[in-house]
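Listed here are the chains, written in short residue letters.
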Amino acid sequence: MLCTVALFASACGGTASQQGQGGGATDTLIIGGPLEPRTLNPAVQSGMVTALPGAQLFASPIRHGKDFTPQPYLAKSWEFSADQLSLTLRLVSGATFHDGTPITSEDVAFSLEAVKKHHSFGKAMFGSVSSVETPDKETAVIKLSTPTPALLLSLSPALLPVLPKHIYGDGQDLTKHPRNVKDVVGSGPFKLKEFTAGNRIVLERNDSFFLQDRAKLKQLIVKFYPNSAATSTALEAGEIGMEISYDPVDAGRLAKNSKLTVATTGYEAAGALNWLELNTKNQYLKDVKVRQAVAHAVDVDFIVNQLHAGIPQVAPGPIHPGSPFFSKDLVTYNHDTAKAAALLDEAGLPAKSDGTRFSVRIDYNPGNDVTGKNVAEAIASQLGKVGIKAEVRNAPDFATWSERVSKYDYDMTIDSVYNWGDPTIGVSRTYVCDNIKPGVVWTNMAQYCNPTVDQLFAAAAQEMDTEKRKQLYRDVQRQITADVPVVFIETQPIVNIYSKTYTGMPDGIWGVMAPFLEATGTQAR
C-alpha cells in the first residue's frame, strides 16, 4: 500500500529506562506505530511503513538533508555526461553488506533494475534507464534514453535501496523473497536482529558501516501499537521517545507538553497533500463549471484553522508548498457561496423547490478521522449551502474504500496523496491520461484527461534546466487548477514529536525515511 498506509505507519520511542527516564544518556530508541510492514525491502514496497526500517537496513547511492541538494552516501561522487544521457556514480571504497560481502557496482545495477521492475514508482523513476554499465567494481554508469532530471532524487534511501545481488539474485520472486522479512542482509547503518509479527522490529547498529562515524544509536526498535491514540499515550507516559503524528489536533495538543519537541520541518520530499478528488465522469462533475462551483463552496480556511488548529498549510495546487517546483501563480477559488451558486445556475442546475440542485456521495480514506471523516462531513455541510446534497459514505476499511475509488464507484473522495520528491514521480500520476487504470489505487482516479497537461508533464520530465522546468510546472499547476479535477485543501501534516531526551532526530526532506545517523539520547527528562 502506498500513501495511506503511511498515515498509520510510524512513531518512535522506548521503555522508561531506555528512553532516559532514569537519568543519563541512552543509546536506544523504540519506534511505536499502529501498523507493521508486510516487507522490509523498499525495492518492492513504497510507503513509510516499509521505508522507515528499510532506510536503516539499506543504504542508497545518494541521500538528502534539510533541502533538496543531493549528498554523497554509497556514491562518493557523480557526474552527468555532456549530453545528459548518462550518470556516472563512483562508489566509496571498502563498503560491505551486513554479511561482509563487498558492495559493488553490480549490486547497484541489480538494485536499480529490481526497483524499476517491482516498485510502484519504478517506471516513473527509471523508465528512461536503458542500461547500467559496470566498468569496474566501484563505478556504475546509468545510461538514459532521455535526459532525466529527477534521477538524483530517485537514488534516495526510500526509493533505491542497494540490495545484495548474491542474496536477492537467486531467481526467486523478489516481491515474495523470504529474506525480505527474515535474515535480511542489507547495506545500511543498522542490522535486523528480530522481526516478530504483531510485536516489534529490533534493529542493531552495524559497526562495520562504511561511514566513519556510523550511527550514534546502538539499537532502534519498532514497536507496534493498536492505534495512533495508544501511541500518543505511550509517548506522554514516557514509554516511547518519539511519535510521527498525522493528527494536527493531537500535534497541537502535544506541542504544549514541555517535555516534548514538536518538529516544525521535515518531509518536504514526501509532500503529502489532503484533497477532495472529483470523479470527472460523474454526470454533474463532468462540467468544469460545476467543479469550479464545488471549489468555491468548500471553506478551506475553516478546515485548516478550525478543524485542524492551523497546523497544516493551505495547499492551493497539485505541488506541495515545500517543493522547489511549487508555484503561487495558480487559479484560486476563494470561499464564495454566491459565486458557487451562480456557476451552478450557469451549468443548468437551478435550485429545486426544496433548495437542492443534485446529490453526490463523499467517500473518505478511513485511515484517519481527523483528516478524513471530519473533513468529509464539513465539506458535506458546506456543499449543502449551495444546494448540493452530499451524503458522507463510510468504508469499514481501506480495502473497501480503495476498491470503490479505484474502480470509479464514487462521486467525490477525501484522500491524502504524496508528491514523492519530484513531480515526475508523485504528481503526474494523478493527472496524466495514460494513468487511468481501473482497479489501481492512487492512479488517475478522477479520470481527468487534458492533452496539454500531458505534454507539459512530458516536457518537464526531460528538461534539465531548472528554471525552464519550473516554468513548465507552473503551467501544469495553472492548467490543473483551472480544470479542477481536485479541490486542493491542505498539506497533510507529518510531524515528528519526540522526547527532549533525544537530539539529532531526522528532520530532513525525507523525515524518518532516511537513515538515523545523528539521533542520540543526550539527557534525561
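Before any of the text, the structure's been laid out above.
Residues numbered from 1 in each chain as written. Predicted model: local features only at pLDDT ≥ 70, side-chain atom pairs only at ≥ 80, totals over all residues. Heavy atoms only, no water.

## Considering the side chain of N41
Among the structural elements, N41 can be located in the loop between β1 (28–33) and α2 (48–57). A distance of 2.9 Å separates a polar side-chain atom of N41 from the backbone nitrogen of A43. In this view, N41 contacts T50, F58, P161, L163, Y168, L174 and N180; residues no more than four positions away in its chain are not counted. (Helix = DSSP H or I, 4+ residues; strand = E, 2+ residues; numbered from the N terminus. Polar contact = N/O pair within 3.5 Å; in protein donor to acceptor, adjacent residues only side chain to side chain. Contact = heavy atoms within 4.5 Å.)

## Things to note about the state of the cysteines
Throughout the structure, instances matching the rule amount to 1 disulfide. A disulfide bridge connects C433 with C449, and the sulfur atoms are separated by 2.0 Å. Every disulfide takes its handedness from the sign of the S-S torsion; for C433 and C449 that torsion is 100°, giving right-handed. Of the two residues, C433 sits in the loop between α14 (423–426) and α15 (451–460) while C449 sits in the loop between α14 and α15, which places them 16 residues apart along the sequence. (Disulfide = S-S within 2.5 Å.)

## Focus: the nonpolar core
Grouped together as the largest cluster of nonpolar side chains are 85 residues, with contacts concentrated most on F126, I142, F210 and W510. Setting aside its immediate chain neighbours within four residues, I142 contacts L85, S86, L87, L89, L112, V129, S131, V132 and L151. Among the nonpolar cores identified, the runner-up in size contains 33 residues, and L276, V290, A295 and A297 belong to it. (Core = buried A, V, L, I, M, F, W, Y, C linked by side-chain atoms within 4.5 Å. Buried < 20%, exposed > 50% of the residue type's maximum accessible area, 1.4 Å probe, protein only.)

## A few points about the pattern of salt bridges
As enumerated under the stated definition, the model contains 23 salt bridges in all. In this structure, D329 and R474 form a salt bridge, with 2.5 Å as the shortest nitrogen-oxygen distance. Of the two residues, D329 is situated in the loop between α10 (300–307) and α11 (337–346) and R474 in helix α16 (residues 466–483); the sequence distance between them amounts to 145 residues. Given a relative accessible area of 24%, R474 falls into the partly exposed group. With a closest N to O distance of 2.9 Å, R393 and D363 form a salt bridge. Of this pair, R393 sits in the loop between β15 (388–392) and α13 (398–406) while D363 sits in strand β14 (residues 358–364), and the two are 30 residues apart along the sequence. One exposure class covers both R393 and D363, and it is buried. Salt bridges here are not isolated pairs; linked through shared partners, they connect R361, D363, R393, R404, D409 and D411. (Salt bridge = Lys/Arg side-chain N within 4 Å of Asp/Glu carboxyl O.)

## Examining the packing of aromatic side chains
In total, this model carries 15 aromatic pairs according to the counting rule given. Ring geometry for F398 and W401: centres 5.9 Å apart, planes at 45°, overall tilted. Highlighted residues: F398 and W401, both in helix α13, separated by 3 residues, approximately one helical turn. One aromatic cluster in this structure is built from F121, Y418, W420 and W510. One cation-aromatic arrangement involves K223 over Y225; the distance from NZ or CZ to the ring centre is 5.8 Å. (Phe/Tyr/Trp six-rings, centres within 6.5 Å; stacked < 30°, edge-to-face > 60°. Lys NZ or Arg CZ within 6 Å of the ring centre and 35° of its normal.)

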